[in-house]
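In case you want the letters, here they are:
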Amino acid sequence: MALPHAQPGQPIDISPLGPDLARAASHAILKTQSLELMRIVLRRGAELPPHSVYGECTLLCLEGAVAVDAAGSSVELRAHQIVLLPALQEHAVRALEDTSLLLTVQLPPGLPGSASSTS
């Protein structure tokens, strides 16, 4: 079942999931022509394979820990830490613990909405 997207002016709760993390799944929070927010849920050991995104993006670790591999190096991201990933920079994410992340993608003008945000 798809979750409804947030509407303009609607508050969005991005609190850590705590004990509910074990049952949670990744989902889109909102999508517009130029902005996409998603909660990404990864279990320990899970990976997002190398990919790139047309727009700049940030990953905010809400809980847990991940390794973000980009530009020939790896950084560890823990709760309350955020990393900026430049547009079109290939990156991968590995969960070091059960983790939830807030992904924000800012798409450049002239590109369609989130249906084409990754390559």
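Within every chain, residues take consecutive numbers counted from 1 along the sequence as written. pLDDT decides what is reported in this predicted model: residues at 70 or higher carry local features, side-chain atom pairs at 80 or more are listed and counted, and totals for whole chains, interfaces and linings draw on all residues regardless. Computation of side-chain values covers all heavy atoms of the structure but excludes hydrogens and water.

## Overview of the overall build of the chain
Reasoning step 1: Where helices and strands are cited, they refer to DSSP runs of H or I of at least four residues and of E of at least two residues respectively, numbered from the N terminus. Helices and strands together make up the secondary structure of the chain, namely 0 helices and 9 strands.
Reasoning step 2: Residues counted as buried form 37% of the 119 residues belonging to the chain.
Reasoning step 3: Here, two residues are considered to be in contact whenever any of their heavy atoms come within 4.5 Å of each other. Pairs at least 24 apart in sequence give 69% of the contacts found in the chain among residues at least 6 apart.
Reasoning step 4: When the accessible surface of the chain is split by element, carbon and sulfur atoms take 59% of a total near 6,800 Å². With a 1.4 Å probe rolled over the protein chains alone, any residue whose accessible area is under 20% of its type maximum counts as buried; one over 50% counts as exposed, and the rest are partly exposed. Note that accessible areas follow from Shrake-Rupley with a 1.4 Å probe, and for residues the cover is restricted to the protein chains shown.

## Digging into the nonpolar core
Reasoning step 1: The biggest cluster of nonpolar side chains holds 18 residues, and the ones touching the most others in it are Leu 42, Leu 59, Val 66, Val 68, Leu 77 and Leu 101.
Reasoning step 2: Contributing elements (two or more residues each) for this core: β2 (35–42), β4 (56–63), β5 (65–70), β7 (82–85), β8 (91–95) and β9 (99–106).
Reasoning step 3: Non-local contacts of Leu 101, meaning those with residues more than four positions away in its chain, are made with Met 38, Arg 39, Ile 40, Leu 42, Leu 59, Leu 60, Cys 61, Leu 62, Val 66 and Val 93.
Reasoning step 4: Counting 6 residues, the second-largest nonpolar core is a separate cluster that includes Ala 6, Leu 37, Leu 62 and Leu 102. Think of a nonpolar core as a cluster: buried Ala, Val, Leu, Ile, Met, Phe, Trp, Tyr and Cys residues, connected wherever their side-chain atoms sit within 4.5 Å.

## Here's the deal with the environment of Gln 33
Reasoning step 1: Residue position: Gln 33 is located in the loop between β1 (27–31) and β2.
Reasoning step 2: When the C-alpha positions of Gln 33 and Leu 107 are compared, they lie 7.7 Å apart, and in sequence the two are 74 residues distant.

## A word on the sheet that holds β7
Reasoning step 1: A pair of strands is treated as paired once DSSP finds two or more bridges between them. Strand order in the open sheet formed by 5 strands is β1-β2-β9-β4-β7, and the pairing between neighbours is antiparallel. Across the chains shown, the open sheet's two edge strands, defined by having one partner strand only, are β1 and β7. With direction set aside, neighbouring strand axes in the sheet form an average angle of 15°.
Reasoning step 2: As defined by bridge partners, β4 adjoins β7 across 4 bridges and the pair is classed as antiparallel. Considered in β7, the bridge of Leu 60 is made with Ile 82. Geometry is summarised by axes, namely lines fitted to C-alpha atoms with helices restricted to the contacting stretch, and by angles between N-to-C directions that run from 0 to 180 degrees.

## Digging into the pattern of salt bridges
Reasoning step 1: Salt bridge, as used here: a side-chain nitrogen of Lys or Arg that lies within 4 Å of a carboxyl oxygen of Asp or Glu. Per the stated rule, a full pass over the model turns up 4 salt bridges.
Reasoning step 2: Here Asp 20 and Arg 23 are joined by a salt bridge, their closest N and O atoms 2.4 Å apart.
Reasoning step 3: You can call Asp 20 partly exposed: its relative accessible area is 41%.
Reasoning step 4: Given a relative accessible area of 64%, Arg 23 falls into the exposed group.
Reasoning step 5: Connected through salt bridges with shared partners, the residues Glu 76, Arg 78 and Glu 97 form a single ionic network.

## What about the side chain of Ser 100?
Reasoning step 1: Mapped onto the secondary structure, Ser 100 falls in strand β9.
Reasoning step 2: Residue classification places Ser 100 among the buried positions, given a relative accessible area of 0%.

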